[in-house]
Amino acid sequence: MIEIENLSLTRGGTPILRDISLTIPDGGIVAIIGPNGAGKSTLLHCMAGLLAPDSGRVLIGGKDVHKARENDRALMLSLLTQTPGTVPRLTVADLVGFGRWPHHRGRPGATDRAIVQDVLGRFDLDDIATREVETLSGGQRQRAYVAMAHAQSTPWMFLDEPLSALDPKYSHDIMARLTQIVSQDGGHRSVLMVLHDLQIALRTANWVICLRDGAAIRSGPTKEVMTSELLSTLYETSLHVGDLDGEPVIVPRNPAFL
Amino acid sequence: MALAGLALLAGASLCIGATNLWNTDLDSGLVLAVSRIPRTCAAILAGAGLALAGVVVQQAVRNRLVEPGLTGTPEAAMIGLLGVTLIAPGAALLVKMSVAAISALLGTAGFFLLSRHVPPRDPMLLPLVGLIYGGILGAVALWLAWITDLVQFIGIWQTGEFSGVLQGRYELLWLIAVMAGALYLLADRITLLGLGEDYARSLGLNYHQTVLLGLGIVAICVAVVVVTVGSMPFVGLVVPNIVSRIWGDNLRQNLWLVALLGAGFVLGSDLIGRIVRWPYEIPAATIFAVIGAAIFLWLLNAPRKTVAHG
């Protein structure tokens, strides 16, 4: 369980996060949604302990993220940030291997090697394990980074817009693997992600947090939260949650551009 | 193969010089012990040290076009050296060297802080910023030297060459061997720096401590080189780029190649400098600047083969 208590952050006189208090259950996929500039990435970085808040605290499994030592924190959560500018010249196997760093601190043991092998297999990276990350396509590269975060074997995996530059095939591929991870490992693994694709959030997330102007205006189970009314208010444009052959879909209603 | 190449160069370096070793009038053993062996060791150590310093700054600021000569490190070391020469002219070499290393670290740390405000979009921007930053520090050093009549020192520190290396006057360079050992222990951590601050920290690395340690090693390597033989541009830029291009960025595997190649290039440059105008000499730094510039142009333009390696 993640507990956020009165989290506030101000940068350059502008409040980015305003007094956020949330309780997020373990086991499943949690999506943070909201319009551009709502503070979604900032909240994720703050929850990951990389940004210190002005006030408030974040507890993961009862432990304060900002008071934990770097290595202890790396055993609580793994992080995937938005695609890095410079990609290191490392092989896929080396990159995934670095996911084990907090466990072995430079001296990988048999368990670490076995886990890396297993993760490479699970993410279908065996064939490209000796290729350099730099030489991969955007979709394969993202898969390799998600595999690294998975190899870290932490209870929580935080992903910042993991689908932003991917085509539908690779987005679905990544989401399918994440869904598999949270369902397979007996509820020990949970995923928290900033998502722009509402359709994917609606279909895959168990829990949704709605952020607007730095405030969490709603948080709860997806079906309860993602309603036509709430989404329309959140994004200030008319959105309709409908039904297509029994599957929920989101469509714009009377958009201004038509 | 690289090791054999270096051994060959070292052998040649021992045999070639203004005096003929096989001239029976001379005590060849003495020439070897006092001049040739120290000179060969100095070139190997300086080359390895500069190349290793290069790979560390490149990983720390995540930019392959940066090297210690573009981070204000040698200039800051010179300011420290001038300062200690003015305040305590009689200080032991080790004291001067320590002051130089500390001021080199301050200069490099200043560049590192500056680099965090340079947008990473255009990789050419950071080296340009470094060029200006180093230029400003260099101007301060020159001004200090000018008002205190020490300008000739600046000339000596700026041009790396090995003709003055004699037994008893280069031993500080062995600190580089110690630094190389320390760097080997830090190899994974330096590679992690290259993944960027967010990843390094979320993988449990104490980011600021690692950066400080890495830059400390850079400062010591550069400061000893400046103090003993004079600074040499391009080595820290070209060598890590060649290694990264061919063998990748995993430093635990490649650190020794960086050191070896750096040593080979500098020793080779010193050898060429000794031969082309025999019995006179051209500074190794001048020779390497020519070779380095050519290699660098090739690195900038040649497409990289997409190699697979394990």
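Please read all numbers here as calculations on a predicted model, not as lab measurements.

1. Looking at the pattern of salt bridges
Residue and element names in this part refer to chain A.
Point 1. Tallied over the full model, the rule gives 19 salt bridges over all chains.
Point 2. Notably, a salt bridge pairs Glu-70 with Arg-73, separated by 3.0 Å at the nearest N-O pair. Of this pair, Glu-70 and Arg-73 both sit in helix α2 (residues 70-76), 3 residues apart, which is roughly one turn of the helix.
Point 3. Accessibility expressed as a relative area gives 6% for Arg-73, which makes it buried.

2. Here's the deal with the packing of aromatic side chains
Point 1. Applying the stated criterion to the full structure yields 6 aromatic pairs over all chains.
Point 2. Judged by centre distance (6.1 Å) and plane angle (45°), the rings of Phe111(B) and Tyr133(B) are tilted. Residue Phe111(B) is located in helix α4 (residues 93-115), and its partner Tyr133(B) is located in helix α5 (residues 125-147); the two are separated by 22 residues in the primary sequence. Exposure class is identical for Phe111(B) and Tyr133(B). Each is buried.
Point 3. Positioned over the ring face of Tyr170(A) is Lys169(A), at 5.0 Å from the centre of the ring.
Point 4. If you follow Arg245(B) out to its NZ or CZ, it ends over the ring of Trp298(B), 5.5 Å from the centre.

3. Remarks on the environment of Ala51(B)
Residues and elements named next belong to chain B.
Point 1. Among the secondary structure elements, Ala-51 is positioned in helix α2 (residues 28-61).
Point 2. Accessibility expressed as a relative area gives 0% for Ala-51, which makes it buried.
Point 3. C-alpha of Ala-51 to C-alpha of Val-118: the two residues are 67 residues apart in sequence and 24 Å apart in space.
Point 4. Ignoring any residue separated from it by four or fewer positions in sequence, one finds Ala-51 in contact with Val-235, Gly-236, Val-239, Pro-240, Val-258 and Gly-262.

4. So, helix α7 (residues 175-193) of chain B
Point 1. The sharpest bend along α7(B) comes to roughly 65°, located at Leu186(B).
Point 2. Inspection of α7(B) places Ile176(B), Met179(B), Leu183(B), Leu186(B), Ala187(B), Asp188(B), Ile190(B), Thr191(B), Leu192(B) and Leu193(B) among the buried residues, and these make up the whole buried set.
Point 3. Contact partners of the buried residues in α7(B): α3 (92-98) and α4 (101-104) of chain A together with α2, α8 (197-202), α9 (207-228) and α11 (251-275) of chain B.

5. Observations regarding the environment of Gly34(A)
Residue and element names in this part refer to chain A.
Point 1. Structurally, the position occupied by Gly-34 is in the loop between β3 (28-33) and α1 (40-47).
Point 2. On a C-alpha basis, the gap between Gly-34 and Gly-214 in space is 9.6 Å, while along the polypeptide they are 180 residues apart.
Point 3. Sequence-distant contacts of Gly-34, that is, excluding residues within four places in its chain, are made with Lys-40, His-196, Leu-211, Leu-234 and Tyr-235.

6. Brief notes about the interface of chain A and chain B
Accessible area lost on assembly of the parts is the figure often given for the size of an interface.
Point 1. Residue-level contacts link 33 residues of chain A with 29 residues of chain B.
Point 2. A buried area of about 2,800 Å², summed over both sides, lies between chain A and chain B, and 52% of it is on carbon and sulfur atoms.
Point 3. Interface area lost by chain A to chain B is led by Arg89(A), Phe98(A) and Trp101(A), which between them contribute 26%.
Point 4. One can count 1 salt bridge joining chain A with chain B.
Point 5. We note a salt bridge from Arg201(B) to Glu70(A), for which the minimum N-O separation is 3.6 Å.
Point 6. Summed over the shared surface of chain A and chain B, the number is 9 residue pairs in polar contact (both at pLDDT 80 or more).
Point 7. At the level of secondary structure, the elements contributing two or more residues to the side of chain A that touches chain B comprise α2, β6 (77-80), α3, α4 and α6 (138-151) of chain A.
Point 8. Tallying contributions element by element places α2(A) first for the side of chain A that touches chain B, with 4 residues.
Point 9. Its residues assigned to classes, the side of chain A that touches chain B shows 15 nonpolar, 11 polar and 7 charged.

7. With respect to the pairing of strand β8 (residues 190-194) of chain A
Residue and element names in this part refer to chain A.
Point 1. Counting buried residues along β8, 5 of its 5 residues qualify, which places the element largely inside the surrounding structure.
Point 2. In β8, alternate side chains face the same way, and those of Ser-190, Leu-192 and Val-194 on one face and Val-191 and Met-193 on the other are all buried.
Point 3. Across 5 bridges, the pairing between β3 and β8 is parallel. Bridging from a neighbouring strand, Ala-31 pairs with Met-193 of β8.
Point 4. Relative to β8, strand β7 (residues 156-160) runs parallel, the two being bridged by 5 bridges. Within β8, the position partnered with Asp-160 by the bridge is Val-194.

8. Things to note about the layout of surface pockets
Point 1. In this structure, the largest pocket spans a volume of roughly 1,200 Å³.
Point 2. Around the largest pocket, the lining is made up of 38 residues, and of these Thr86(A), Val61(B), Arg62(B), Pro120(B) and Gly196(B) lie nearest the centre.
Point 3. When contributions to the lining of the largest pocket are tallied by element, the ones reaching two or more residues are α2, α4, α5 and α8 of chain B.
Point 4. Considering every element that reaches the lining of the largest pocket, the biggest residue donor is α2(B), with 4 residues.
Point 5. Of the residues in the lining of the largest pocket, the class split is 16 nonpolar, 12 polar and 10 charged.
Point 6. Each pocket or cavity is described by its volume, and for the second largest pocket that value is around 510 Å³.
Point 7. Around the second largest pocket, the lining is made up of 19 residues, and of these Ile156(B), Trp157(B), Arg169(B), Val227(B) and Thr228(B) lie nearest the centre.

Conventions we followed
Residues numbered from 1 in each chain as written. Chains lettered and ligands numbered in written order. Predicted model: local features only at pLDDT ≥ 70, side-chain atom pairs only at ≥ 80, totals over all residues. Heavy atoms only, no water. Salt bridge = Lys/Arg side-chain N within 4 Å of Asp/Glu carboxyl O. Helix = DSSP H or I, 4+ residues; strand = E, 2+ residues; numbered from the N terminus. Buried < 20%, exposed > 50% of the residue type's maximum accessible area, 1.4 Å probe, protein only. Phe/Tyr/Trp six-rings, centres within 6.5 Å; stacked < 30°, edge-to-face > 60°. Lys NZ or Arg CZ within 6 Å of the ring centre and 35° of its normal. Contact = heavy atoms within 4.5 Å. Bend = angle between axes of the 7 residues up to and from the residue. Buried area = accessible area lost by both parts, 1.4 Å probe. Polar contact = N/O pair within 3.5 Å; in protein donor to acceptor, adjacent residues only side chain to side chain. Nonpolar A, V, L, I, M, F, W, Y, C, P; charged D, E, K, R; others polar. Pairing = 2+ DSSP bridges. 1 Å grid on protein atoms, 1.4 Å probe; cavity = no way out; pocket = protein on both sides within 12 Å on 5 of 7 lines; lining within 4 Å. Points joined across faces, edges and corners; volume = space filled by probe spheres on them.

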